[in-house]
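Analysis of the macromolecular model
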Amino acid sequence: MHYESISICDQKDVDLVRLVQARDEAAFKELMSRYNPLSWSIINENARQHRDAEEILMDIWMVVWENIIGLRNAESFAGWLRRVAFTACKRYYARGKSHQNEILLNYEDLALQIDREAEKRFNDDRILEDAREAVQHLPQSIRNVGIKYYLEQWTITDIADELNLPTGTVKTKLSKVRNVLRKEFEVKTKPIRRKTVSTGNIITEKTQSSVRIIGVGGAGCKVVKTMLEPESADIAFYAIDTDKETLKTCTGAMQLQIGENTTHGDSTHGNLALGRQAAAESMDQLRSIVEDAQVVIVTAGLGGGTGTSVAPVVASLAREQEALTICVVTRPFHAEGKKRDESAEIGLQELHNTASQRADAVVTIPNEQVLEIINNHVSLQDVLKESNEILIQGICAITDMTICHGEVNVSLDDIKEFVREQANIQMSIGKASGENRATIAAQNAMSSPLLSGNRIADALKVIISVAAPPNFDVHEFDEAMTILLDKSETGECMFGMAYKEELEQSGEVVITVIACMPDDKKKQDSKPSDSIQDDKTGEKIETSLSSSEYANQVNFSQYDLSQHLFNDASLVRSTIENSVSTAVKDQ
Ligand SMILES: Nc1nc2c(ncn2[C@@H]2O[C@H](COP(=O)(O)OP(=O)(O)OP(=O)(O)O)[C@@H](O)[C@H]2O)c(=O)[nH]1
Ligand SMILES: [Mg+2]
């Protein structure tokens, strides 16, 4: 046959295959473009992340080029390509490659992302040589770690084993490496914002992070202090309080003392009105904290004066910025008395008001239930510590889901839509290690006292976030999902998966479930509304809910099938089966 007489584009597939067997590069290009969609569909079923997918695609076509000569029947190219693609995916993960800690993407997003990143990668390649050079010239004390991690792609654990160092030391050295490299490449680091509180406060420098975690009041500040990651450029941490002394302990976070003229640096001692006044006095500063944010997580212990009254204000301001705004709060212990309980109820109503009008979701953790999950004979301090851990877990479930490597990773609108108008959101956590860890963690999450007797099966929607060590595999994920969603009647589910190196040693799997429960409380009668006034603008900020607003709130809307959102459990299962594979390598 004289292939030359017709153009490559007009060739039939089978003739293209024969041309490629004759080493025709133009034909190879054409074959690639015709069969890329097929390759993608297989990669999409088997790859975990976009960066993996891209590398796998290259592997596939290399294998095709190298082996197509051996294909006897050109007509069977499509079937052969399928097998090549499938094997390439399996091999890729068997080699321990992959990029951890990213959330699964669907096909369209995967393709989009790759296109979007092409230019960036090109530039990356150009600076790669410079980067290599810089790593090779690192100070001796950190060079070895830098070379292994950045140039030879070792995992932190492997480096620690090889150099006989604790992983913490390796991480510290890596952070020094990062600092040197940043300087070398003149990358601006996150500004240090440890501002004094004595002058009445204020954060003068703007953060570059679009994700803000904001603790309000004593408990909120403690949570922020505990979860502070000074090296993290991805998230900015803020501590807000009326109480100067509390703020002083939050070194590392950006601190904002509010209401200097109202409480003179003291707490409100449980006085909601004072808290509101303090917020009104410091409205500009509060607003500046959430400026340009994309994700704002507000955390507080409800029941006191500051957190209870100021958290709703911060949430409102964040929502004004159109940030995804989620509040993670505790309710007080019964033993703290009626007044605190009533204050917490008011705070919740105000937060729910913002959930309807401004904030997107309020996750509530009853401190009383925390007592149930730990030994009764521990001290109050230990219970509070546990409660803080749970708050942190909830916050991490959200950040794991939304950001990756400092970038917002899933569509925030999807999350907003998912949680919108959900008045009763609860959280549970299940952890386990060892044999059947996924099953046990899922069962623990299902039976967690944090659900206050509610069943995940009755949830209208659930967000499931799994944090697991790198050797967590698809079957385990499947087991967990089967248990969690098995009896679910509506089964609307959104999930995120984060591989965490710090779980490697314990082998622990942590499943966090954020469940939107039907709202059985008859809140229609709840009183409308306090509002507070911005001192400067005179603008009113609504802080609780009218009955019609509330009635609106309980009509949740169905969500379309889209990225990370699935309408039934079996779809979730099959998607995960096809998406999550075995061992992954940390970065
Ligand atoms: N999880 C957790 N909850 C706490 C902690 N401390 C207090 N709480 C809870 O949070 C509620 C509010 O307490 P604080 O945060 O200290 O109060 P505040 O917001 O600072 O308000 P004022 O001090 O009254 O202005 C309490 O009633 C407790 O139920 C803590 O360390 N961890
Ligand atoms: Mg306080």
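Refer to the structure presented above.
Residue indices begin from 1 for each chain and proceed along its sequence in written order. Lettering of chains starts at A and numbering of ligands starts at 1, both following the order in which they are written. Local features in this predicted model are restricted to residues of pLDDT 70 or higher, and side-chain atom pairs are both shown and tallied only at a pLDDT of 80 or more, whereas totals for entire chains, interfaces and linings draw on every residue. For side-chain calculations, the full set of non-hydrogen atoms in the structure is used, while hydrogens and water are omitted.

Here a residue is near a molecule or strand as soon as one of its heavy atoms is found within 4 Å of it. Taken together, 22 residues surround ligand 1, and among them Thr306, Gly307, Glu336, Ser387 and Asn388 come closest. Interatomic distance of 2.8 Å between a backbone N/O atom of alanine 219 and an oxygen atom of ligand 1. Pairs of N or O atoms within 3.5 Å make up the polar contacts considered here, provided that, within protein, one atom can donate a hydrogen while the other can accept it, and that residues adjacent in sequence are counted only when both atoms are side-chain atoms. One nitrogen or oxygen atom from the main chain of glycine 270 is found 2.7 Å from an oxygen atom belonging to ligand 1. For every accessible area listed, the method is Shrake-Rupley and the probe measures 1.4 Å; residues are considered covered only by the protein chains on display. Within the complex, the protein chains bury 89% of what would otherwise be the 640 Å² of accessible surface of ligand 1. Secondary structure elements are taken from DSSP: a helix is a run of H or I of four residues or more, a strand is a run of E of two residues or more, and numbering for both begins at the N terminus. For the shell around ligand 1, the secondary-structure elements that each account for two or more residues are helix H9 (217–227), helix H14 (306–320) and helix H17 (380–402). Gly falls in the polar group here, along with every residue not listed as nonpolar (Ala, Val, Leu, Ile, Met, Phe, Trp, Tyr, Cys, Pro) or charged (Asp, Glu, Lys, Arg). For the shell around ligand 1, the residue count by class is five nonpolar, 14 polar and three charged.

Turning next to the nonpolar core. Residues belong to one nonpolar core when they are buried, are Ala, Val, Leu, Ile, Met, Phe, Trp, Tyr or Cys, and are joined through side-chain atoms within 4.5 Å. Think of it in three bands: residues with accessible area under 20% of the maximum for their type are buried, residues over 50% are exposed, and the middle band is partly exposed, with areas taken using a 1.4 Å probe on protein chains only. Of all hydrophobic cores here, the largest spans 47 residues; its most connected members are Ile213, Met227, Phe237, Val328, Ile365 and Ile514. The greatest single-element share of this core, amounting to nine residues, is contributed by H17. Two domains each donate at least three residues to this core, and these are domain 3 (209–421 + 524–545) and domain 4 (424–520 + 559–587). When sequence neighbours within four positions are dropped, the list of residues in contact with valine 328 reads Ile297, Val298, Thr299, Ala300, Val363, Ile365, Leu391, Ile395 and Ile398. In this structure, Ala293, Ala300, Ala315 and Leu317 belong to the second largest nonpolar core, which totals 33 residues. The domain limits used here are those given by an automatic or database domain assignment. Between two residues, a contact is recorded if the distance between any of their heavy atoms is within 4.5 Å.

Okay, unusual backbone geometry next. With glycine set apart, most residues show a phi of negative sign, and most peptide bonds adopt trans. Although it is not a glycine, histidine 264 sits at a positive phi angle of roughly 55°. When you line up the elements, histidine 264 lands in the loop between helix H11 (260–263) and helix H12 (272–281). Relative accessible area serves as the criterion here: at 58%, histidine 264 is assigned to the exposed category. With a phi angle near 55°, asparagine 436 is a residue other than glycine that sits in the positive phi range. Mapping asparagine 436 onto the fold places it in the loop between strand E9 (424–432) and helix H19 (437–446).

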